[in-house]
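Structural description and commentary
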Amino acid sequence: MAEVCLEGLTKRFDTELAVDGIDLAIRDGEVLGVVGPSGCGKTTTLRTLAGFETPTEGRVLIDDEDVTHVPPERRNVGLVFQSYALFDNMTVLENVAFGPKMQGIGKTERRDRARELLSMLDIDALADRAPETLSGGQQQRVGLARALAIEPDVLLLDEPMTGLDASLKERLRTELSGLLEELEVTALYVTHDQEEAMVMCDRIAVLNDGSLEQVGRPTEIYERPANRFVADFVGTSNVLPATVENGRLDLGFATFESNGFSETTDGTAVVRPDDLTLGAGPIEAIVRDRFYLGNGVRIRAELPDGESVIVGLDRTAREVTVGDPISLDLEVDRIHVLE
Amino acid sequence: MTRWQRMIRRFDPVGRRLVTAVVYAFLAFLTIPIVYTFVASFASSADGVLPSGFATLENWRVVMGYADYGVQTTVGRSLLFSAGIATGGTVVNLLVGVPIAYALTRYEFFARDWLNALAILPLVPGIVLGIAFLRAYPENASTSFGLVVGYALLKSPYMVLTVQSSFQSMDLRRIEESARSLGASWPRTFLTVILPNAKNGIVAGSIITWTLAAAEFNFTYMVYSQGPRPFSLFLFENINNAPFLQSAAAISIYFLIVVSAIVVLQFLGNRGFTTTTTNP
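Residues numbered from 1 in each chain as written. Chains lettered and ligands numbered in written order. Predicted model: local features only at pLDDT ≥ 70, side-chain atom pairs only at ≥ 80, totals over all residues. Heavy atoms only, no water.

Let us now look at a nonpolar patch on the surface. Residues B:Val19, B:Val23, B:Tyr24, B:Phe26, B:Leu27, B:Phe29 and B:Leu30 make up a contiguous nonpolar surface patch of roughly 760 Å² in combined accessible area. Take B:Phe26: it is sitting in helix 1 (residues 3-40). (Patch = residues over 30% accessible without salt bridge, like charges linked within 9 Å, V, L, I, M, F, W, Y side chains within 5 Å. Areas by Shrake-Rupley, 256 points an atom, 1.4 Å probe, with all protein chains shown as cover. Salt bridge = Lys/Arg side-chain N within 4 Å of Asp/Glu carboxyl O. Helix = DSSP H or I, 4+ residues; strand = E, 2+ residues; numbered from the N terminus.)

Next comes the structure, spelled out in structure tokens:
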């Protein structure tokens, strides 16, 4: 366990700026998620922390020690990749015992540690198997056990669930989340899956074009996005022009009483699909599309001015069909207005 | 199921049998000359359509230098010399070709494509390389050292290409980074993780380069002038000057050596790389 600090981290590849002056701290025992679109710099950030990239500017600190120029093998940082990257020339047990062996730990002790981790991850029966004979989920567990075997100060996970099927991903997600909490490991979790980040992480950092857009707890990121990019990227949202005058929120097609917003003539309201409810309300609309999602229903409703909003309904809302006129109400307290 | 799919399905067992038959026919085509030569080496007469007068070891005795008459030189010395030179060439290829294959697969660097092309360039015919060697290094080209370097160079593309294809099938960067994050230095990562994972390619590359070098004729013919007579030249001269059955014995010895080399290299491949697995 350790505390990690990235100070003014900048990484440039030739003329391309991959990471642009990021300041980020991971608290002791915290799981920090890093999300963002492809090419936003999240993997470069992870690789810099691991020691595989040297920052163009800035510093990497682990427990207040400057490790910016320390080679990867001397950082005590565990890595778990999307592609598992297991060593095919070794058995599962040998893979997990490899790190302790490099640390100079005796044969009996390192084998015991490897077996203990395999048992913790419920894969002790696979100890003597060759990695290529395992399923994706099993390989990922071995990768995780191998990274944990060195008792890392920081655990770095680079899209570890990508490539696994949905049900396995959900099961592994719960298990991994419990394990990280139990072991109190400081971890950086890079993913493009926001839902995964919400479930797995104590806090989330949203990156865009190499810059840090917002860091906060999952609820803050979802309910109080710092800007339009975060609102658009994390979850589905209706981003609507808004004005707040004399305590009234005006969305153009309807106005609402509210004292919670600062006065603005040029604001943007972030309305999540589940902030809109079906029933008697001031918003008149017509259902244009309906999507059944299994655990709920999403509809696209057209407003009188021609704009559309996405509305989330529970799966019992079977009566709503395309072409229906509907009335919507807004949970004003739940929406967020960007100035 | 469409009519077309039904037709394909019906053809399936026939197709499979046809492909199997072609494979066996091809194998027979390849092995008949070798088996014929091997069997003939134990015959005492080659006058008829088929060799006759089985079975005698006389031809083997002659070419191995145990008879009072026969070929000019004994085969043993030539074989040992060629095997030594081929082994030298293979070792040079392992030391140089494997790192080149690794660098070409793993890293992006200036003129990488040019180096890639250069690594394959020695696929030129041996006779061309022989002339180039004689012109460039007239003093050294014809020595044993010249032969080792020449064989290594001439056969290097086989090593680079086979090992490169092994590396390409691995997620080289991630594997290397995993090992290093687990505390292994780069040399240790390379020796205990990267190389053992490319084992199949390295063994295949060694077998190909060794066997091709041990019997290389064109280059040898161009540059050879001193030292023991390389095996390919020995064979060439004896096929001209000695009876067919003695040549057959000499060729059989070569095949036995090639088979032994393959067995040894595969054994080394299976056992020799497991520096980590035996001691987790």
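Here the narrative resumes, following the displayed structure.
Below, the discussion takes up the interface of chain B and chain A. Counting residues at the interface gives 24 residues for chain B, matched by 27 residues for chain A. Together, the buried faces of chain B and chain A total about 2,400 Å²; carbon and sulfur atoms form 57% of this surface. In this structure, B:Glu177 and A:Arg47 form a salt bridge, with 2.4 Å as the shortest nitrogen-oxygen distance. Summed over the shared surface of chain B and chain A, the result is 7 residue pairs in polar contact (both at pLDDT 80 or more). (Contact = heavy atoms within 4.5 Å. Buried area = accessible area lost by both parts, 1.4 Å probe. Polar contact = N/O pair within 3.5 Å; in protein donor to acceptor, adjacent residues only side chain to side chain.)

Take the nonpolar core next. Ranked by size, the top nonpolar core spans 56 residues in total, and within it A:Leu49, A:Ile62, A:Phe87, A:Phe98, A:Leu156, A:Leu188 and B:Phe167 carry the most contacts. Per-element tally for this core: the top contributor is strand 2 (residues 16-26) of chain A, with 5 residues. Setting aside residues no more than four positions away along its own chain, A:Ile62 makes contact with A:Ala2, A:Glu3, A:Val4, A:Leu49, A:Val67, A:Arg75, A:Val77, A:Asp153 and A:Val154. Grouped together as the second largest cluster of nonpolar side chains are 44 residues, A:Val35, A:Ala97, A:Leu176 and A:Ile204 included. (Core = buried A, V, L, I, M, F, W, Y, C linked by side-chain atoms within 4.5 Å. Buried < 20%, exposed > 50% of the residue type's maximum accessible area, 1.4 Å probe, protein only.)

Let us look at the pattern of salt bridges. Between side chains of opposite charge, a pair can form when the charged atoms approach closely. Scanning the entire structure with this criterion turns up 25 salt bridges over all chains. The residue A:Glu151 makes a salt bridge to A:Arg113 at a minimum N-O spacing of 3.8 Å. Remark: A:Arg113 occurs in helix 3 (residues 107-120) and A:Glu151 occurs in the loop between helix 4 (136-148) and strand 7 (154-158); sequence separation between them is 38 residues. Assessed through its relative accessible area of 15%, A:Arg113 is described here as buried. Between B:Arg112 and B:Glu108 there is a salt bridge, with its nearest N and O atoms 4.0 Å apart. Exposure remark for B:Arg112: the relative accessible area of 22% places this residue in the partly exposed category. The network of salt bridges with shared partners includes A:Lys11, A:Arg47, A:Glu53, B:Arg173, B:Arg174 and B:Glu177.

It is worth spelling out the domain arrangement of chain A at this point. Residues and elements named next belong to chain A. In terms of domains, chain A is made up of domain 1 (4-232) and domain 2 (238-338). Put simply, the middle of domain 1 and the middle of domain 2, counted by C-alpha atoms, are 38 Å apart. In this complex, domain 1 contributes 10 residues to the contact, which on the side of domain 2 involves 9 residues. Where domain 1 touches domain 2, the interface holds 0 salt bridges. Seen at the junction of domain 1 and domain 2, the total is 3 residue pairs in polar contact (both at pLDDT 80 or more). Of all elements in the fold, only helix 7 (218-223) and helix 8 (228-233) reach the threshold of two or more residues within the side of domain 1 that touches domain 2. In terms of residue class, the side of domain 1 that touches domain 2 is made up of 5 nonpolar, 1 polar and 4 charged. (Domains from an automatic or database assignment. Nonpolar A, V, L, I, M, F, W, Y, C, P; charged D, E, K, R; others polar.)

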